[in-house]
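# Structural overview
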Amino acid sequence: MSRPLKKDATYADLCAVPENFVAEILGGELYASPRPAPRHSLAASVLGAKLMGPFHHGENGPGGWWLLNEPELHFDADVLVPDIAGWRRERMPAFPSTAYFTLAPDWVCEVLSPSTEKIDRSKKLAIYAREGVRNAWLVNPLLQTLEVWRLVSERWSLVVVHEGSTTVHAEPFDAIELPLGALWEA
């Protein structure tokens, strides 16, 4: 995925990518990556499950969020698919009926893989900052790390890097304990 498939890409170009790929348009360039590997899928799935109860449903937590796996985000000509994204319900009180979102999330999570890390860290984080996403997490299942980023004055600021199997409180979901080991254990 580190090389664009096409420059000056359109949404029609994105739709023509085979369904077994994740396709995105970043800065006018079409990128496609294969579906995530098992460790990537495990980390994203477990993380989403850990956050869903307390934040999406309000079970043993504060609620107040919409959390989604792999939503399609449309920002002008850019089309992104983060691994997980969350919107505070105060900013998005009604769930849209469209097939994609034009309102930037409050939080995004990208699970890094060798084929996507460069794009996730450079192009995608830059677009998220431009759109005003307040928090970003970068999860690396191979290194077993969680990087917590906060947008400050339109620039990303690294808050903390958590490693290994510790239990953490990570903004904006610091109301709960998050056992990182669950993200890596197969």
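In case you missed it, the structure is sitting above this.
Below: a short report on this structure. Worth saying up front: this structure is predicted, and the values here are computed from it rather than measured.

Cut-off values and rules
Residues numbered from 1 in each chain as written. Predicted model: local features only at pLDDT ≥ 70, side-chain atom pairs only at ≥ 80, totals over all residues. Heavy atoms only, no water. Buried < 20%, exposed > 50% of the residue type's maximum accessible area, 1.4 Å probe, protein only. Helix = DSSP H or I, 4+ residues; strand = E, 2+ residues; numbered from the N terminus. Pairing = 2+ DSSP bridges. Phe/Tyr/Trp six-rings, centres within 6.5 Å; stacked < 30°, edge-to-face > 60°. Contact = heavy atoms within 4.5 Å. Expected span 1.5 Å × (residues − 1). Bend = angle between axes of the 7 residues up to and from the residue. Axes fitted to C-alpha atoms, helices over the stretch in contact; angles between N-to-C directions.

### A closer look at the pairing of strand 7 (residues 107–111)
With 5 of its 5 residues buried, strand 7 lies for the most part within the structure. Burial along strand 7 is two-sided: Trp107, Cys109 and Val111 facing one way and Val108 and Glu110 facing the other are all buried. In this sheet, strand 7 lies alongside strand 6 (residues 84–88) in antiparallel orientation, the contact comprising 3 bridges. Bridged to Ala85 within strand 7 is Val108.

### Brief notes about the packing of aromatic side chains
This model, assessed by the stated rule, comprises 8 aromatic pairs. Ring geometry for Trp66 against Phe95: centres 4.8 Å apart, planes inclined by 55°, an arrangement best described as tilted. With Trp66 in strand 3 (residues 65–69) and Phe95 in the loop between strand 6 and strand 7, this residue pair connects regions lying 29 residues apart in the sequence. Note on Phe95: relative accessible area 39%, which makes it partly exposed. Plain terms: the ring middles of Trp87 and Phe101 are 4.4 Å apart, the flat faces sit at 25° to each other, and that makes the pair stacked. With Trp87 in strand 6 and Phe101 in the loop between strand 6 and strand 7, the pair connects residues that are 14 residues apart, well separated along the chain.

### Details of the environment of Thr167
Structurally, Thr167 can be placed in strand 11 (residues 167–168). When the C-alpha atoms of Thr167 and Leu178 are compared, they prove to be 5.3 Å apart, with 11 residues separating the residues in sequence. If sequence neighbours within four positions are ignored, Thr167 has contacts with Glu177, Leu178 and Pro179.

### Things to note about helix 2 (residues 38–57)
Taking 1.5 Å of rise per residue, 20 residues should cover 28 Å, and helix 2 covers 27 Å from first to last C-alpha, within 8% of that figure. Along its length, helix 2 reaches its greatest deviation from straightness, about 45°, at Leu51, and the proline Pro54 lies no more than four positions downstream. Inspection of helix 2 places His40, Ala43, Ala44, Val46, Leu47, Gly48, Leu51, Gly53, Pro54, Phe55 and His56 among the buried residues, and these make up the whole buried set. With its phi angle positive at about 75°, Gly58 sits one or two positions after the end of helix 2.

### What to know about the environment of Leu80
Looking at where Leu80 falls in the secondary structure, it is placed in strand 5 (residues 78–80). Classification of Leu80 by relative accessible area gives buried; the value is 0%. Expressed as a C-alpha distance, the spacing of Leu80 and Tyr128, which sit 48 residues apart in the sequence, is 9.4 Å. Setting aside residues up to four positions removed in sequence, Leu80 forms contacts with Glu24, Leu26, Pro71, Glu72, Leu73, Phe75, Lys124, Ile127 and Tyr128.

### As for helix 3 (residues 117–130)
Along its 14 residues, helix 3 runs 19 Å from first to last C-alpha, staying within 8% of the 20 Å computed at 1.5 Å per residue. Bending of helix 3 peaks at approximately 35° at the position of Lys124. Where helix 3 is concerned, the buried positions are Ile119, Asp120, Lys124, Leu125, Ile127, Tyr128 and Ala129. Just downstream of helix 3, Gly132 is the residue with a positive phi angle, here 85°.

### What to know about the sheet that holds strand 9 (residues 145–152)
Strand order across the open sheet formed by 6 strands is 3-6-7-8-9-10, with mixed pairing between neighbours. Each end of this open sheet is capped by a strand with a single partner; those strands are strand 3 and strand 10 (155–163). Strand-to-strand twist in this sheet, taken as the mean axis angle between neighbours without regard to direction, amounts to 15°. Strand direction decides the pairing type here: strand 3 and strand 6, joined by 5 bridges, are antiparallel. The residue of strand 6 that forms the bridge with Trp66 is Trp87. This element, helix 2, spans strand 3, strand 6, strand 7 and strand 8 (135–140) of the sheet and lies at about 160° to strand 3. Strands strand 7, strand 8, strand 9 and strand 10 of the sheet are contacted by helix 3, whose axis makes an angle of about 170° with strand 7.

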